[in-house]
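Per-entry structural report
Below are the chains, spelled out letter by letter.
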Amino acid sequence: MLVMGESIHKGCIWSQFHQVLVNGFGILHVRFDILGFRHAMTMAFAVQEINKNPDLLPNLTLGYHLYDNCGALVVGFSGALALASGQEEAFALQGGCAGSPPVLGIVGDSLSTFTIASASVLGLYKIPMVSYFATCSCLTNRQRFPSFFRTIPSDAFQVRAMIQILKHFGWTWVGLLVSDDDYGLHVARSFQSDLAQSGQGCLAYLEVLPWDGDLSENRRIVHVIKESTARVLMVFAHESHMINLMEEVVRQKVTGLQWLASEAWTGTTLLQTPDFMPYLNGTLGIAIRRGEITGLRDFLLRIRPGQSSNNTSYNMVQQFWEYSFQCKFGASGSAEACTGDENIQQVDAEFLDMSNLRPEYNIYKAVYALAYALDDMLQCEPGRGPFSGGSCADIHKLEPWQFVHYLQHVNFTTTFGDQVSFDENGDVLPIYDILNWQWLPDGRTQVQNVGEVKRSPSRGEELQIHEDKIFWNFESNKPPHSVCSESCPPGTRMSRKKGQPVCCFDCLLCSEGKINSMECTSCPEDFWSSPQRDHCVPKKTEFLSYHEPLGICLTAASLLGTVISVVVLGIFIHHRSTPVVRANNSELSFLLLVSLKLCFLCSLLFIGRPRLWTCQLRHAAFGISFVLCVSCILVKTMVVLAVFRASKPGGGATLKWFGAVQQRGTVLGLTSIQAAICFAWLLSSSPKPHKNIQYHKDKIVFECVVGSTVGFAVLLSYIGLLAILSFLLAFLARNLPDNFNEAKLITFSMLIFCAVWVAFVPAYINSPGKYADAVEVFAILTSSFGLLVALFGPKCYIILFRPERNTKRAIMAR
């Protein structure tokens, strides 16, 4: 016979004390633990069902021995040691079996503290222990508890499940009450750690409920609850602690709380009384997974006091019978004598209620886990076993550690559809139901299933809540609002209050360029904060645009100068045979007008959003156009000087150096030097577009950086050198006969040109962003207009309005 032992849940079957409230006074009375007895019978039913199953452990019969822990650590601990050591009470073996029955495993204990004590010792001998109700996360320590398993999720998952519920409803400011034992204290540590890591909320207070129900301590705790601004209260404690606490809650009339219940008291009916329900109505709780066990009710209905030869089971059934029917065995001839034929359907309705099988379902799974592990072991084929040399375990010489191996790898599915397997710490895949207490108008309490939280290997942790099914004990029938500080409005940041949890904070306005978050965060480089500081918006861009007034004016001036240059060029071409045009070197005049037109047009490259090609082309075009223009003026000045020098005796040889070919070659040579300077500049360090964020924090200024300052300086210096040279030569020739040369006009035009560009340099350096481009365009246009008007204005006036002066005689006259 194979034996499995169990410690009964929640204290001694007989003589367990419960404190209740009657007419406002607490009294004690003796009460048989109906649910504890049903837990024991659930194990007996599971063993019987396995023995009747031909597909599970064929030709092998399981047995069991029941131990009652009587609500005392020493009793449960002694029972576990007795089972493990083989010193349990002798009992009759059926079927002619001989020898001491081996203990395969122990189902129990229920309380975490009792389980820790027993599992610590049983782990030394690697005897498997499967608990159905011990939830302390400390039991996941495989080094300390190497042979411990459980079919109920650990508190670590229960804590995470509770945190998910808090997150779902946005509750960030909550209170926590725990029992003064391993269960409560480990929950407190886990909750503080997990809540801090998740960043989903803070504890307004943490209180430990006294184990002995100290009235003054409970009064203090309820006062803390009453004074706190937290509207959500979580309680991880046993029902006895809750009864003591609720009595004080009723005395102080603490309302307006949303209670969150741990699995230890979610399913209890002792708190669902007319005194407590006005306060506990709407409670949300984590509950052990409800299951269905087909045939259990019929099994319970067949229980009779004389049906078992197992002394322990017989005594339990006898005690149950005497308590349920208020009779006594052995009292023959008396009205109180038990016959054993009483109608069992008349017992406490809770005993036969199969609608809420939660701990029972865990017991059922625990027994089946041991059975499936044994079945896997018996199916082992020699040479393919999991032990050294491929060996298998011998059922007649079974070592406990061998059975632990198979229990660790068990995997089966219950008839209810739940998968049962253990992870490396001996925990099952966790799943909890979420319950909601609802107090009906007729005075009854309905516990509604409103969701579930579980973890699956593929999807991780999942929370499902049907909010439309939840009753909220508030006037609005909506979830309460429980925060320490309201969320900061847009444009502000949270500033933690000194000495307070992180959920308590003040709201401070964010500085410019930052938006609100846990802390004000800077916007990306190309963005700036909105006026409300609640989001980032693209920064305004700034460049000399064709669409703004300044850009429009400069563009119009550039196009006007181009048109005037074309018109003047047309006038000169049309009157090319007249003395005024011919006397002033018509070919150079035409080339000068073309170069001036290019000067006007190149200014357009400085308007519009900078691109790589415009940045590279603008200065090259500007430099070459102006050198071409000034070169023409320089050659014209040199020709004037040469002509008048040739008019003197012995000066005729000078003209041979200033023929048409020489003039073109000089202009081309001087312009080629500037082209070479530009080419070298572009190759060495080319100008390129740049986003400047230094001028304005909320704007992006698009500009062209010159790349090589030396290249830009050389380009300007070369233009200045030619302009100064032209000015000096023209200044020397200013007193020559006015009607025959342009020396005065060239002198005046070069004076304007040099003045403009001397003023340009400091203005350009001190102008930020688009205004630097505007200064350069203005300098280009001003100098171009100065040359155009000074050189060609008087000539056009004579050609168009004073034709009598456009004659050879007038030109030759002094």
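Residues numbered from 1 in each chain as written. Predicted model: local features only at pLDDT ≥ 70, side-chain atom pairs only at ≥ 80, totals over all residues. Heavy atoms only, no water.

1. Description of the nonpolar core
- Grouped together as the largest cluster of nonpolar side chains are 98 residues, with contacts concentrated most on Trp 171, Phe 191, Met 234 and Phe 351.
- No other element matches helix H12 (residues 359-378), which puts 12 residues into this core.
- Domain assignment of the residues forming this core places at least three in each of domain 1 (2-9 + 27-87 + 99-152 + 293-313 + 353-417) and domain 2 (155-289 + 430-469).
- Judged by nonpolar contacts, the second largest core, of 65 residues, contains Phe 622, Trp 757, Phe 760 and Phe 792. (Core = buried A, V, L, I, M, F, W, Y, C linked by side-chain atoms within 4.5 Å. Buried < 20%, exposed > 50% of the residue type's maximum accessible area, 1.4 Å probe, protein only. Helix = DSSP H or I, 4+ residues; strand = E, 2+ residues; numbered from the N terminus. Domains from an automatic or database assignment.)

2. Comments concerning the sheet that holds strand E26 (residues 699-705)
- Across the sheet, which stays open at both edges, the 3 strands sit in the order E24-E26-E25 with mixed pairing between neighbours. Each edge of the open sheet is held by one strand with a lone partner, namely strand E24 (540-542) and strand E25 (688-692). Sheet twist, expressed as the mean angle between neighbouring strand axes with direction ignored, is 25°.
- The pairing of E25 with E26 spans 5 bridges and is antiparallel. (Pairing = 2+ DSSP bridges. Axes fitted to C-alpha atoms, helices over the stretch in contact; angles between N-to-C directions.)

3. Quick look at the UniProt feature "transmembrane region" (unreviewed entry) in the protein
- Feature annotation in UniProt assigns "transmembrane region" (unreviewed entry) to the following positions: residues 549-573, 588-608, 620-644, 665-683, 710-733, 745-765 and 777-800.
- Secondary structure content for residues 549-573 is 100% helix and 0% strand, while the C-alpha to C-alpha distance between its ends is 36 Å.
- Note that residues 777-800 is 100% helix and 0% strand, and that its end C-alpha atoms are spaced 31 Å apart. (UniProt positions renumbered as here; feature names shortened; annotations may be inferred.)

4. Focus: the sheet that holds strand E8 (residues 173-179)
- Pairing in this open sheet of 8 strands is mixed, and the strands run E9-E8-E10-E11-E12-E15-E16-E17 from one edge to the other. Looking at which strands have only one partner, the edges of the open sheet turn out to be strand E9 (202-209) and strand E17 (460-465). Adjacent strand axes in the sheet meet at a mean angle of 25°, parallel and antiparallel pairs treated alike.
- Its contacts with the sheet place helix H4 (residues 155-169) against E8, strand E10 (232-236), strand E11 (258-261), strand E12 (284-288), strand E15 (431-439), strand E16 (445-456) and E17, and it is angled at close to 50° to E17. (Contact = heavy atoms within 4.5 Å.)

5. Details of helix H14 (residues 549-574)
- A rise of 1.5 Å per residue sets the reference length of H14, with its 26 residues, at 38 Å; its end C-alpha atoms lie 37 Å apart and thus fit the reference within 8%.
- Among all positions of H14, only Gly 551, Leu 554, Thr 555, Ser 558, Gly 561, Thr 562, Ser 565, Val 568, Leu 569, Ile 571 and Phe 572 are buried. (Expected span 1.5 Å × (residues − 1).)

6. Describing the packing of helix H16 (residues 586-602) against helix H21 (residues 770-801)
- Axis separation between H16 and H21 bottoms out at 9 Å; the angle between their running directions is 155°. Regarding the angle of H16 to H21, the classification is roughly antiparallel. Where H16 crosses over H21, the handedness of that crossing is left-handed. Packed against H16, whose contacting residues are Ser 589, Leu 592, Leu 593, Leu 596, Cys 599, Phe 600 and Cys 602, the element H21 presents Ile 780, Leu 781, Ser 784, Phe 785, Leu 787, Leu 788, Leu 791 and Phe 792 at the interface.
- Partitioned by chemical class, the residues of the contact of H16 with H21 number 13 nonpolar, 2 polar and no charged. (Parallel < 35°, antiparallel > 145°, perpendicular 65-115°, else oblique. Left-handed = near helix turned anticlockwise from the far one by under 90°. Nonpolar A, V, L, I, M, F, W, Y, C, P; charged D, E, K, R; others polar.)

7. Remarks on the pattern of salt bridges
- Under the definition given, this model contains 15 salt bridges.
- A salt bridge links Arg 150 to Asp 427; its shortest N-O distance comes to 2.6 Å. With Arg 150 in strand E7 (residues 148-150) and Asp 427 in the loop between strand E14 (419-421) and E15, this residue pair connects regions lying 277 residues apart in the sequence. We note that Arg 150, like Asp 427, is buried.
- The closest approach of N and O atoms between Asp 418 and Arg 289, which form a salt bridge, is 3.4 Å. Here Asp 418 is found in the loop between strand E13 (411-413) and E14, whereas its partner Arg 289 is found in the loop between E12 and helix H9 (296-301), with 129 residues between them in sequence. The exposure classification of Asp 418 matches that of Arg 289, with both residues buried. (Salt bridge = Lys/Arg side-chain N within 4 Å of Asp/Glu carboxyl O.)

8. Focus on the state of the cysteines
- Enumeration over the complete set of coordinates arrives at 6 disulfides.
- Disulfide partner of Cys 327: Cys 338, at an S-S distance of 1.7 Å. What sets the handedness of the Cys 327 and Cys 338 disulfide is the S-S torsion sign, and at about 105° it is right-handed. Of this pair, Cys 327 sits in the loop between helix H10 (311-325) and helix H11 (349-352) while Cys 338 is found in the loop between H10 and H11, placing the two residues 11 residues apart along the sequence. Neither residue differs from the other here; Cys 327 and Cys 338 are each classed as buried.
- One disulfide in the model links Cys 484 with Cys 504; its S-S distance is 1.9 Å. The chirality of the disulfide connecting Cys 484 with Cys 504 is right-handed, given an S-S dihedral of about 105°. Linking Cys 484 in the loop between E17 and strand E18 (492-496) with Cys 504 in the loop between E18 and strand E19 (505-509), this pair joins segments that are 20 residues apart in sequence. (Disulfide = S-S within 2.5 Å.)

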